Amino acid sequence: MDRIPIAPLKSSSFSAATTREDRLARNLSLGPIKLTEPVKEARVEKADSNNAGGGDAAGGGEDGAPDEATTEPDFATLSAEIDAFLAARRAGESPPPVSEVTLDRFASAVEQEIAPSEGTEDKWVPEAPGEAPPLLAAIKRIAALSSALTETQQADRYTIGVHRVTGVLHRAMTFVEDEFHALLEDPRVAKAVPGGGGDTGSATGRSSMRRPPSFGHGAEPDRCVIPSADGGGAGGEASPPFPPETVERLRAMAEAMLAAGYATECAEVFLVARRNALDASLQSLGYDKPSIDDVVRMPWEALELEVATWIKAFHHTVEVGLPGERDLCARVFAVEGGEGLGRGIFADLARCTMLHLLNFTEAVALQKRAAEKLFKVLDMYEVIRDVAPAVDALGAGGEEEAGSGTLADLRYELASVRSRLGESAAAIFCDLESSIRADAGKQPVPGGAVHPLTRYLMNYLKYVCAYKNTLEQVFQEYRRPDDDEQPHGEGGAGAGDPFAAQLMEVMELLHGNLEAKSRLYKDPSLSSIFLMNNGRYMLQKIRGSPEINAVVGEAWSRKRSTDLRQYHKNYQRETWSRVLNLLRDDGVITVKGHVQKQVLKDRFKQFNAAMDEIQRTQGAWVVSDEQLQSELRVSIAAVIVPAYRSFLGRFAQHFTAGRQTEKYVKLSGEDLEAIIEELFDGNAVSMPRRRM
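Just so we're clear, the structure is a prediction, and the values are computed from it rather than from any experiment. (Residues numbered from 1 in each chain as written. Predicted model: local features only at pLDDT ≥ 70, side-chain atom pairs only at ≥ 80, totals over all residues. Heavy atoms only, no water.)

Once that is clear, we can look at the overall build of the protein. Helix and strand counts for the protein come out as 26 helices and 2 strands. Carbon and sulfur atoms make up 52% of the accessible area of the protein, which amounts to about 32,400 Å² in all. (Helix = DSSP H or I, 4+ residues; strand = E, 2+ residues; numbered from the N terminus. Areas by Shrake-Rupley, 256 points an atom, 1.4 Å probe, with all protein chains shown as cover.)

Here it is, written out as structure tokens:
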């Protein structure tokens, strides 16, 4: 009766039916495997056949010499027989026959070779320089034997042997796979806490691997879903470097898995372990990979801190983490047939890690635009722009070819994210125009002080210009289509530079907004004070910042200085020209050489009333800039005080000393100077009553 061939046993640890947790939940001891009943029957049949053929044929003579059924050859003898079988097959010759019993014995011998190695430190160490480690040699031999036996021509002849050999190979690979993962693990990755019960095969000490929720709203096809680990550490250092002896063991394990046809399992174990290590490194920096929903709902104050952490984590990943992983991949997979696999593994690891980080920037871009978010958006834009050479360096040496364009996809993703951030930054800055136009408050600022909009915008623009070079790049790449049609600035300011043009547009809008707000004051003098305050504040901010001054240009500053002088003249004219007219003898006080006393009395009354009104109102006005305040007071005193002293000198003696003088001449020259010195302090007081 023909036997039905048994397929070789090979199971991926990442298949739906066999997970790492399932395998870690059973005893992984690789001691001798008990013979199956069919193998036992084969041995009995062979012994019976030998006995039926005569004593000599059975190997049991009268001298009592041991026969084949009672004395098994050692591992070296079995290995030599298997090597001869494999060598003939490789040479295309007819291989010598190998019995099912020999295959069983060899499989058992390999088990014995593997079993003592559990828990020792030298299982992967060569016995002599230049030799393969014994465990690697044993696994490679049984892997080659399994491959030979599972060929179509051989499968029918070795039904039981195929089952036996592939079973041992699979269990050996299970052991190697877990050893491989344990060596690759970062000590900072949190460990699983075993469940209750007395199962000796529990996964004590193995890493907890779970499939995290997708970063996005749903599982996106181009997003990595390799399991990550909880936990973290402190310090933000790179994964601990592997000592040379550990790398040698890892290389031997990788070689064994590749030789056995377990390249897929080897790659996935490596990816899981090293992705967990990179995650632990990021967590040690405080970065916990928040979801898009978390970021979108996050208050801006919290998100600012998260962005700062992300920047640190991103730099660390590109400059430290991934170069270290590339080096580890190159060293571990420096085996026959492994270099391309190592490059592909690293390409996938780099892409997966970077996409998780880049998803954060997408989440930030989804938040509602606001002016205060511009600087963090620009920070992220600069980071992604500046790491481009480092990312290119990661792809040097053939990784891109091995990774089927994975790193090229990563470069595209970086460019795409950078583009979104650039567009967001440009849009946020352009939104300033709308904010200025929308600020049409109908309540004037008390005392003509600097308007809050002026303070906010000028300080904002000062910080914006600290990003001048970046914003120039952003606006060159993401300018609005209608920008070229808009005239910007004066005297060519901003010509040829869309960012400078946009900034000048904001400045002009602010200037126009302030002029409109100045008309809210009923007193023209106070309107001039308001414009002086705001114009002076703008000019100081511009001249105090080399960055913004370079963008605005000297021509614009000179124009604003001219405006300030005009506001000053307007104030002098509106307030003090009227007072000066009261101190002039315009042919009304003195007529034909005689002083008209009633007219003189009226002039003093009018002057006193005017000064009382000025002191009461303009004492409540605000000029916060000390230099401007001083300039105003000096210019006023320089005109009014000499004129008043001259007026007093000419006409004070026309009043009768005593009560009449006190009634009309209420201020001395010193009193007038004191009143002027108290103007623009924001404190309204009444004019003092002083005697001559």
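Right, picking up where we left off after that structure.
What follows is about the pattern of salt bridges. Pairs may arise between side chains of opposite charge once their charged atoms sit close together. Counting across every chain of the model gives 27 salt bridges. With a closest N to O distance of 3.0 Å, Asp279 and Arg275 form a salt bridge. With Asp279 and Arg275 both in helix 9 (residues 263-284) and 4 residues apart, this pair spans about one turn of that helix. This pair shows no difference in class: Asp279 is buried, exactly as Arg275 is. The partner of Arg616 in a salt bridge is Glu613, and the shortest N-O contact between them spans 2.3 Å. Of the two residues, Arg616 and Glu613 both sit in helix 23 (residues 597-618), 3 residues apart, roughly one turn of that helix. Relative accessible area serves as the criterion here: at 41%, Arg616 is assigned to the partly exposed category. The exposure class assigned to Glu613 is partly exposed, which follows from its relative accessible area of 37%. (Salt bridge = Lys/Arg side-chain N within 4 Å of Asp/Glu carboxyl O. Buried < 20%, exposed > 50% of the residue type's maximum accessible area, 1.4 Å probe, protein only.)

Mapping Val623 onto the fold places it in the loop between helix 23 and helix 24 (626-651). With 90 residues separating them along the chain, Val623 and Asn533 place their C-alpha atoms 6.4 Å apart. Not counting residues within four places of it along the chain, the set of residues in contact with Val623 comprises Ile529, Asn533, Leu628, Gln629, Leu632 and Phe680. (Contact = heavy atoms within 4.5 Å.)

Pairs of aromatic rings are described using the distance from one ring centre to the other and the angle between the two planes. If you walk through the whole model with that rule in mind, you get 19 aromatic pairs. Arranged with centres 5.8 Å apart and planes meeting at 35°, the rings of Phe375 and Tyr467 form a pair that is tilted. Of this pair, Phe375 sits in helix 13 (residues 374-386) while Tyr467 sits in the loop between helix 17 (452-465) and helix 18 (468-478); the two residues are 92 residues apart in sequence, bridging distant segments of the chain. Of the two residues, Phe375 and Tyr467, neither departs from the other in class, the shared state being buried. Arranged with centres 5.9 Å apart and planes meeting at 65°, the rings of Tyr571 and Phe680 form a pair that is edge-to-face. Placement of Tyr571 in helix 22 (residues 554-582) and of Phe680 in the segment after helix 26 (669-677) is noted, with a sequence separation of 109 residues between them. Taking relative accessible area as the criterion, Tyr571 reaches 0% and is therefore assigned buried. Aromatic ring contacts, followed pair by pair, group Phe375, Tyr456, Tyr460, Tyr463 and Tyr467 into a single cluster. (Phe/Tyr/Trp six-rings, centres within 6.5 Å; stacked < 30°, edge-to-face > 60°.)

Below, the discussion takes up the side chain of Gln367. By the element assignment, Gln367 lies in the loop between helix 12 (339-366) and helix 13. Among the polar contacts listed, one links the side chain of Gln367 to the backbone oxygen of Met298, at a separation of 3.1 Å. Apart from residues no more than four positions distant in its own chain, Gln367 is found in contact with Val295, Val296, Met298, Trp300, Leu303 and Lys373. (Polar contact = N/O pair within 3.5 Å; in protein donor to acceptor, adjacent residues only side chain to side chain.)

Attention now moves to the packing of helix 13 against helix 18. Helix 18 packs onto helix 13 with a crossing angle of 85° between their chain directions and a minimal axis gap of 11 Å. Judged on the interaxial angle alone, helix 18 and helix 13 are roughly perpendicular. Contact with helix 13, carried on its side by Leu378, Tyr381, Glu382 and Arg385, involves Thr470, Leu471, Gln473, Val474, Glu477 and Tyr478 of helix 18 and no other residues of that element. For the contact of helix 13 with helix 18, a count of residues per class yields 5 nonpolar, 2 polar and 3 charged. (Axes fitted to C-alpha atoms, helices over the stretch in contact; angles between N-to-C directions. Parallel < 35°, antiparallel > 145°, perpendicular 65-115°, else oblique. Nonpolar A, V, L, I, M, F, W, Y, C, P; charged D, E, K, R; others polar.)

Now for the nonpolar core. Nonpolar side chains in soluble globular proteins tend to be buried together. Within the largest apolar cluster, 176 residues are counted, with the highest numbers of intra-cluster contacts made by Phe180, Trp310, Phe314, Phe429, Leu503 and Phe604. Contact partners of Phe180, with chain neighbours within four places excluded, come to Leu250, Met253, Ala254, Met257, Cys266, Val269, Phe270, Val332 and Phe333. (Core = buried A, V, L, I, M, F, W, Y, C linked by side-chain atoms within 4.5 Å.)

Compared with an ideal rise of 1.5 Å per residue, which puts 22 residues at 32 Å, helix 9 spans 31 Å between its outermost C-alpha atoms and is within 8% of the ideal. Among the 22 residues in helix 9, 18 count as buried, and that is most of the element. Positioned one or two residues after helix 9, Gly286 has a phi angle of 95°, which is positive. (Expected span 1.5 Å × (residues − 1).)

What follows concerns unusual backbone geometry. At Lys289, a residue that is not glycine, the phi angle is positive and equals roughly 50°. Here Lys289 is to be found in the loop between helix 9 and helix 10 (292-297). By relative accessible area, Lys289 is classed as partly exposed at 22%. Non-glycine residue Phe680 carries a positive phi angle of around 70°.

Where helix 5 (residues 134-149) contacts helix 8 (residues 244-259), the axes come no closer than 9 Å and their chain directions differ by 10°. By the angle class used here, helix 5 and helix 8 are roughly parallel. Of the residues in helix 8, those in contact with Leu136, Ile139, Lys140 and Ala143 of helix 5 are Ala252, Glu255, Ala256 and Ala259. Partitioned by chemical class, the residues of the contact of helix 5 with helix 8 number 6 nonpolar, no polar and 2 charged.

Moving on, we come to the confidence of the model for the protein. Looking at the protein as a whole, the pLDDT averages 76, with 71% of positions reaching at least 70. Segment residues 398-404: pLDDT under 50, and 17 contacts once partners within four positions in sequence are set aside and those in other chains are kept. (pLDDT = per-residue confidence, 0-100.)

Note on placement: Gln502 falls in helix 19 (residues 498-518). Through-space distance from the C-alpha of Gln502 to that of Glu433 is 9.1 Å; in sequence the pair is 69 residues apart.

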